[in-house]
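Given next are the chains, with one letter for each unit.
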Amino acid sequence: MPQLDKDSEEIKRIDNALSEWRQGDVALGEHWFTHIADPSRALTTESGQAEGGLQAITSEVEGLIVITQSCDIVRSSTKRPFLEVSPLVKVAPLSLKQIEKGLRPAYAFVPATADADLVADLDRVMTVEKAVVGTWKRTQGCKTDAEVRNFAQALARKRARFAFPDEFTQFVSGLQSRLREKYDKFTEEGNALRALSEIRVRAAPSWDATDVELFFWFIRDETDPSLQRNFWIPLLESWLKLIPAKGRFTRVDGAVTFLEDLTAKDYVESEPLDLDYLSSRDN
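Let us look at the structure shown here. (Residues numbered from 1 in each chain as written. Predicted model: local features only at pLDDT ≥ 70, side-chain atom pairs only at ≥ 80, totals over all residues. Heavy atoms only, no water.)

### Re the layout of surface pockets
Next up, step 1: By volume, the largest pocket is sized at about 1,300 Å³.
Next up, step 2: Forming the walls of the largest pocket are 44 residues, and the residues nearest its centre are Lys101, Gly102, Gln153, Arg157 and Ser197.
Next up, step 3: Looking at the lining of the largest pocket, the elements that each hand over two or more residues are helix H3 (93-100), helix H5 (145-159), helix H6 (166-171), strand E9 (196-204), strand E10 (212-220) and strand E12 (270-272).
Next up, step 4: Element by element, the count of residues in the lining of the largest pocket is highest for H5, at 9 residues.
Next up, step 5: Per-class residue counts for the lining of the largest pocket are 22 nonpolar, 8 polar and 14 charged. (1 Å grid on protein atoms, 1.4 Å probe; cavity = no way out; pocket = protein on both sides within 12 Å on 5 of 7 lines; lining within 4 Å. Points joined across faces, edges and corners; volume = space filled by probe spheres on them. Helix = DSSP H or I, 4+ residues; strand = E, 2+ residues; numbered from the N terminus. Nonpolar A, V, L, I, M, F, W, Y, C, P; charged D, E, K, R; others polar.)

Okay, structure coming up:
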């Protein structure tokens, strides 16, 4: 394990500087991000070319956000000398809403920067010494327990997404396309989609079974009770028509419900759908 070769006063200074930092805190004054790249690829042209081999590319970003767990941030820099950070990037207002609802797991919603349409780009991660982070100006990223929990869940979802079978991703592609197409429309269906907090699917008896029964939960946002039950019935029927039973998926059902109406068993045995990574190797 790496150890910092610094005197005790310097270590104390670094640890004190990091004592208030938490996972999800941001540094809006830091506008650089470095990654290792192949200089022959067009992706690196903004930073110039090299004659050969790999190259460290530094690009300009909107800021940086700490994604290391809080318990490791505040541990002594002699034991945990490094932190992980991701860049903040600007997204369209509609994408911001999708990210806030967890539909775009490549990104994480950051309450402190939402007004500027800035989110964490979780596809990119950089390691920085605590001594460097200690010189940054800290902006608290998450202020409530719920915000802290939601950010941690976004990080977990990025790393722990379920690997759906390829035939399922093809099977559900019609529904996914419909969600993408209608989400930003100012129609009844668009309003309904934006009023969902999550979509989950359960396979019974298992994803590997010869005959599989699927059940889709379209989970409503409890903070948006404006749409009545009768409003959802024709929408649910239209969504289920996009995923008729086929092949080894012998039965498909669904329901529009609130999270509190799911049993713990329903929740843990189901998987969330998203708009970013519901894809197969063929895609």
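### Considerations on the nonpolar core
Next up, step 1: In this structure, Phe168, Leu214, Phe216 and Trp239 are the most contacted members of the largest nonpolar core, which totals 31 residues.
Next up, step 2: Broken down by secondary-structure element, the contributors of at least two residues to this core are H6, helix H7 (173-182), helix H8 (188-194), E9, E10, helix H9 (229-241) and strand E11 (249-258).
Next up, step 3: With 6 residues, the top contributor of residues to this core is H9.
Next up, step 4: If you look at the next biggest cluster of nonpolar residues, it comprises 16 residues, including Val61, Ile73, Ala131 and Trp136. (Core = buried A, V, L, I, M, F, W, Y, C linked by side-chain atoms within 4.5 Å. Buried < 20%, exposed > 50% of the residue type's maximum accessible area, 1.4 Å probe, protein only.)

### Description of H5
Next up, step 1: In this model, H5 (15 residues) spans 22 Å end to end at C-alpha, consistent with the 21 Å of a helix rising 1.5 Å per residue.
Next up, step 2: Those residues of H5 lying buried are Phe151, Ala154, Leu155 and Lys158. Along the long axis of H5, the arc covered by the buried residues comes to 95 degrees, so they all point the same way.
Next up, step 3: Buried positions along H5 lie against strand E4 (64-66) and strand E6 (107-108). (Expected span 1.5 Å × (residues − 1). Arc of directions from axis to C-beta. Contact = heavy atoms within 4.5 Å.)

### Comments concerning the sheet that holds E10
Next up, step 1: Within the open sheet, the 4 strands sit side by side as E11-E10-E9-E12. Their pairing is mixed. What marks the edges here is a single partner per strand, and that holds for E11 and E12. Adjacent strand axes in the sheet meet at a mean angle of 25 degrees, parallel and antiparallel pairs treated alike.
Next up, step 2: Where E10 lies against E11, 9 bridges are found, and the strand directions are parallel. The partner of Phe218 across the bridge, within E11, is Val256. (Pairing = 2+ DSSP bridges. Axes fitted to C-alpha atoms, helices over the stretch in contact; angles between N-to-C directions.)

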